[in-house]
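Breakdown of the fold
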Amino acid sequence: MIKGIADHTEAIHTELAKVVERVEEYLNTALPEPTPAVKVPLAEHRSLLVKAMKQESARSELARAIVTAQNKITAVRRS
């Protein structure tokens, strides 16, 4: 079974590369560890919201890349 999958890695190389790229982008959007409940200045709060939105966008792109790769793997298995 594994040999069969390994034989098709070239067929899914592009999709796997995209997944790796999206993982890296997602990891680059990591939010800082939360601090104990203290008042956060408005500018910092807005900055954290922007970072959170970028992180969510990166997560969505990663999920999309994974689904694309899974679909390609399924198609390659069936052929």
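Residues numbered from 1 in each chain as written. Predicted model: local features only at pLDDT ≥ 70, side-chain atom pairs only at ≥ 80, totals over all residues. Heavy atoms only, no water.

A short note on a nonpolar patch on the surface
A surface patch of nonpolar side chains, about 290 Å² in accessible area, is lined by Leu-31, Val-38, Val-40 and Leu-48. Structurally, Leu-48 is set in helix H3 (residues 42–78). (Patch = residues over 30% accessible without salt bridge, like charges linked within 9 Å, V, L, I, M, F, W, Y side chains within 5 Å. Areas by Shrake-Rupley, 256 points an atom, 1.4 Å probe, with all protein chains shown as cover. Salt bridge = Lys/Arg side-chain N within 4 Å of Asp/Glu carboxyl O. Helix = DSSP H or I, 4+ residues; strand = E, 2+ residues; numbered from the N terminus.)

Topic: the side chain of Thr-29
Note on placement: Thr-29 falls in the loop between helix H2 (13–28) and H3. Apart from the residues lying within four places of it in its own chain, the contact partners of Thr-29 are Lys-51, Lys-54, Gln-55 and Ala-58. (Contact = heavy atoms within 4.5 Å.)

Remarks on the layout of surface pockets
The space that makes up the largest pocket amounts to roughly 180 Å³. Around the largest pocket, the lining residues are Leu-31, Pro-32, Glu-33, Pro-34, Thr-35, Val-38, Lys-39, Val-40, Glu-44 and Leu-48. (1 Å grid on protein atoms, 1.4 Å probe; cavity = no way out; pocket = protein on both sides within 12 Å on 5 of 7 lines; lining within 4 Å. Points joined across faces, edges and corners; volume = space filled by probe spheres on them.)

Details of the pattern of salt bridges
As enumerated under the stated definition, the model contains six salt bridges in all. Notably, a salt bridge pairs Arg-22 with Glu-61, separated by 3.8 Å at the nearest N-O pair. Of this pair, Arg-22 sits in helix H2 while Glu-61 sits in helix H3, and the two are 39 residues apart along the sequence. Note on Arg-22: relative accessible area 17%, which makes it buried. Classification of Glu-61 by relative accessible area gives partly exposed; the value is 27%. (Buried < 20%, exposed > 50% of the residue type's maximum accessible area, 1.4 Å probe, protein only.)

So, the side chain of Gln-55
Following the sequence through the fold, Gln-55 ends up in helix H3. Gln-55 sits in the buried class, given a relative accessible area of 19%. Among residues more than four places away in sequence, those in contact with Gln-55 are Tyr-26, Thr-29, Ala-30 and Leu-31.

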